[in-house]
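Coordinate inspection notes
Each chain, written out:
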Amino acid sequence: MKKIQMVDLQSQYQQIKETVDASIQEVLNTSSYINGPLVHEFQKDLEDYLGVKHVIPCANGTDALQIAMMGLGLEQGDEVITADFTFAATVEVIALLKLTPVLVDVEADTFNIDIEALKKAITPKTKAIVPVHLFGQVANMDAVMEIAKQHNLFVIEDNAQAIGANYTFKDGTQKKAGTIGNVGTTSFFPSKNLGCYGDGGAIFTNDDTLAHTLRGIVNHGMYERYYHDVVGVNSRLDAIQAGVLKAKLPNLDAYCNSRRNAARFYNNAFANNPNIITPTTKSNKTANCNQICDVCDCHVFHQYTLQITNGQRDELHKHLLTKEIPNAIYYPVALHSQKAYKDERYNESDFPVTNELIKTVISLPMHTELEEDQLQFITKTIIDFFNK
Ligand SMILES: *Cc1c(COP(=O)(O)O)cnc(C)c1O
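Small disclaimer: the values here were computed from a predicted structure and weren't measured.

Quick look at the packing of helix H1 (residues 9–30) against helix H8 (residues 239–248)
- Packing of H1 against H8 leaves a shortest axis separation of 8 Å and a crossing angle of 135 degrees. Between H1 and H8, the angle is such that the two are oblique. Judged by the twist between their axes, the crossing of H1 over H8 is right-handed. Residues Gln 12, Ile 16, Thr 19, Val 20, Ser 23, Ile 24, Val 27 and Leu 28 of H1 form the contact with H8, whose own contacting residues are Ala 239, Ile 240, Gly 243, Val 244, Ala 247 and Lys 248.

Okay, here's the thing in structure tokens:
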């Protein structure tokens, strides 16, 4: 059996080496490393894939969030609501821009922003909602968009973990994750579902005016060379990374399917195990299901995350490491409890779900190159652990 990895970038590279190498070579041949033709080509390819009018490439997913918030003209003191259970980048940029982060609890089954908690958090100062499509599953965008419309709020989708996922609205229409709100952001960090070989990110929008604003902000606030109309930043996707991404984008749907296949294997193996809750896939296409049928393209499994219900999560974590099965706790601390983001406005009783999840979740190896013998070994080791 091949050594099990949390994310196996090397095996994936070996499958696509020729196209990726050729793409990088093309950049070297043009010697146009910043804003070169490959950046533009990748931008167009991604616009086509997502069915969105504008993709604005930038340096990473954290910058993408920050630039999106700058582009919307959010100002000091504006309240921005986001989920308590996510990677810190989301709340970090809100705080950096001197906006007021308002963290709310998540749903116990999907780990995504809780709609009732979101409604309760809205005040006259609220200006934006940042739903995070956590672990690859799109948040309840029917509800988020309706609330945003009612209260006249911007929606910024943090789509760093769900690129390629489809969202089906209640009325049956479909959109790609990240193209539903006023603006969406993503990360091309190597381990993300569409990863480059360094840092990278992008912003998506269908709004022509906002797209124009964002293109200036990423480039020092310049709309005409050396005329700086707004305060901007320097945030670029370099051409070598764009070359890698252009070569990998045609594989994205297949990558999503490989991840779903691995998730399906895990789900079947753990079905009916009293100590394990497998991930819930919720979609308007089907009734709530705990199976991953082929129609559930609302989830692209950036992570495959179990909840361990018998209090042995930490023991399982250590046990798997002794068996050389990598695994991770995403996330071990709720954002409202992090030193940097503590605030007396928060009450512990407002975060029952997140406070429980940080004690029960464990993420298993998940990538595009998992092999059946590896999956068998992982699942058997976990099942045996609970039977011992
Ligand atoms: C990875 C990630 C980011 C940040 O992306 P970087 O490219 O690492 O800056 C933001 N939000 C979420 C939910 C992420 O998973």
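Examining the site of the ligand
- Around the ligand, the surrounding shell consists of Asn 60, Gly 61, Thr 62, Thr 86, Phe 87, Ala 89, Val 132, Asp 158, Ala 160, Gln 161, Ser 187 and Lys 192.
- For the ligand, an oxygen atom lies 3.5 Å from a polar atom in the side chain of Asn 60.
- Here Asp 158 contributes a side-chain N or O atom positioned 2.8 Å from a nitrogen atom of the ligand.
- When its residues are assigned to classes, the shell around the ligand shows four nonpolar, six polar and two charged.

What about helix H2 (residues 37–50)?
- Here H2 spans 20 Å end to end across 14 residues, near enough to the 20 Å set by a 1.5 Å rise per residue.
- Taken as a whole, H2 has its buried residues at Leu 38, Val 39, Phe 42, Gln 43, Leu 46, Glu 47, Tyr 49 and Leu 50.
- Just beyond H2, the residue with positive phi is Gly 51, at close to 65 degrees.

A short note on the side chain of Glu 79
- As for its placement among the helices and strands, Glu 79 is situated in strand S2 (residues 79–83).
- Residues within four places of Glu 79 in sequence aside, it is in contact with Thr 100, Val 102, Ala 121, Thr 123, Lys 125, Thr 126, Lys 127 and Ala 128.

Concerning the packing of aromatic side chains
- For the coordinates displayed, the defined rule picks out 14 aromatic pairs.
- A ring pair is formed by Tyr 346 and Phe 351, whose centres lie 5.6 Å apart and whose planes are at 80 degrees; its orientation type is edge-to-face. Here Tyr 346 and Phe 351 have matching classes, each one buried.
- Taken together, the ring pairs connect Phe 85, Phe 111, Phe 135, Tyr 330 and Tyr 331 into an aromatic cluster.
- In this structure, Arg 345 is placed above the aromatic ring of Tyr 346, and the distance from its NZ or CZ to the ring centre is 5.1 Å.
- Positioned above the aromatic ring of Phe 385, the side-chain terminus of Lys 388 is 3.6 Å from the ring centre.

Let's talk about the nonpolar core
- Counting 90 residues, the largest nonpolar core has Leu 46, Phe 85 and Phe 188 as the members making the most contacts within it.
- Element by element, the count of residues in this core is highest for helix H9 (residues 252–270), at seven residues.
- For this core, the domains that each give at least three residues are domain 1 (9–250) and domain 2 (252–387).
- Residues within four places of Leu 46 in sequence aside, it is in contact with Val 55, Ile 163, Phe 188, Phe 204 and Leu 249.
- Counting residues in hydrophobic clusters, the runner-up holds 24 residues, among them Cys 58, Leu 74, Ile 94 and Leu 214.

Overview of the sheet that holds strand S5 (residues 154–158)
- Within the open sheet, the seven strands sit side by side as S1-S9-S8-S5-S4-S2-S3. Their pairing is mixed. Of all the strands in the sheet, just strand S1 (54–58) and strand S3 (100–104) have a single pairing partner and so form its edges. For this sheet, the mean angle separating the axes of adjacent strands, direction not counted, is 25 degrees.
- Pairing of S5 with strand S8 (residues 183–187) involves three bridges; the strand directions are parallel. The residue bridging Glu 157 from the neighbouring strand is Gly 184, located in S8.
- Contacts from helix H4 (residues 89–96) reach S2, S3, strand S4 (126–130) and S5, with the element oriented near 150 degrees to S3.
- Strands S1, S8 and strand S9 (201–205) of the sheet are contacted by helix H7 (residues 208–217), whose axis makes an angle of about 15 degrees with S1.

Points about the UniProt feature "modified residue: N6-(pyridoxal phosphate)lysine" (unreviewed entry) in the protein chain
- Those residues carrying the UniProt feature "modified residue: N6-(pyridoxal phosphate)lysine" (unreviewed entry) are Lys 192 in this numbering.
- Its location among the elements puts Lys 192 in the loop between S8 and S9.

Focus on the sheet that holds strand S14 (residues 361–364)
- Ordered by their spatial adjacency, three strands build an open sheet running S12-S13-S14, and the pairing between neighbours is antiparallel. Strand pairing shows two members of the sheet lacking a second neighbour, strand S12 (276–277) and S14, which therefore form its edges.
- Bridging between S12 and strand S13 (residues 304–308) involves two bridges; their strand directions are antiparallel. Across the sheet, Ile 277 pairs through a bridge with Gln 307, a residue of S13.
- Together, S13 and S14 form the strand contacts of helix H10 (residues 313–322), whose direction differs from that of S14 by roughly 25 degrees.

Procedures and definitions
Residues numbered from 1 in each chain as written. Predicted model: local features only at pLDDT ≥ 70, side-chain atom pairs only at ≥ 80, totals over all residues. Heavy atoms only, no water. Axes fitted to C-alpha atoms, helices over the stretch in contact; angles between N-to-C directions. Helix = DSSP H or I, 4+ residues; strand = E, 2+ residues; numbered from the N terminus. Parallel < 35°, antiparallel > 145°, perpendicular 65-115°, else oblique. Left-handed = near helix turned anticlockwise from the far one by under 90°. Contact = heavy atoms within 4.5 Å. Near = heavy atom within 4 Å. Polar contact = N/O pair within 3.5 Å; in protein donor to acceptor, adjacent residues only side chain to side chain. Nonpolar A, V, L, I, M, F, W, Y, C, P; charged D, E, K, R; others polar. Expected span 1.5 Å × (residues − 1). Buried < 20%, exposed > 50% of the residue type's maximum accessible area, 1.4 Å probe, protein only. Phe/Tyr/Trp six-rings, centres within 6.5 Å; stacked < 30°, edge-to-face > 60°. Lys NZ or Arg CZ within 6 Å of the ring centre and 35° of its normal. Core = buried A, V, L, I, M, F, W, Y, C linked by side-chain atoms within 4.5 Å. Domains from an automatic or database assignment. Pairing = 2+ DSSP bridges. UniProt positions renumbered as here; feature names shortened; annotations may be inferred.

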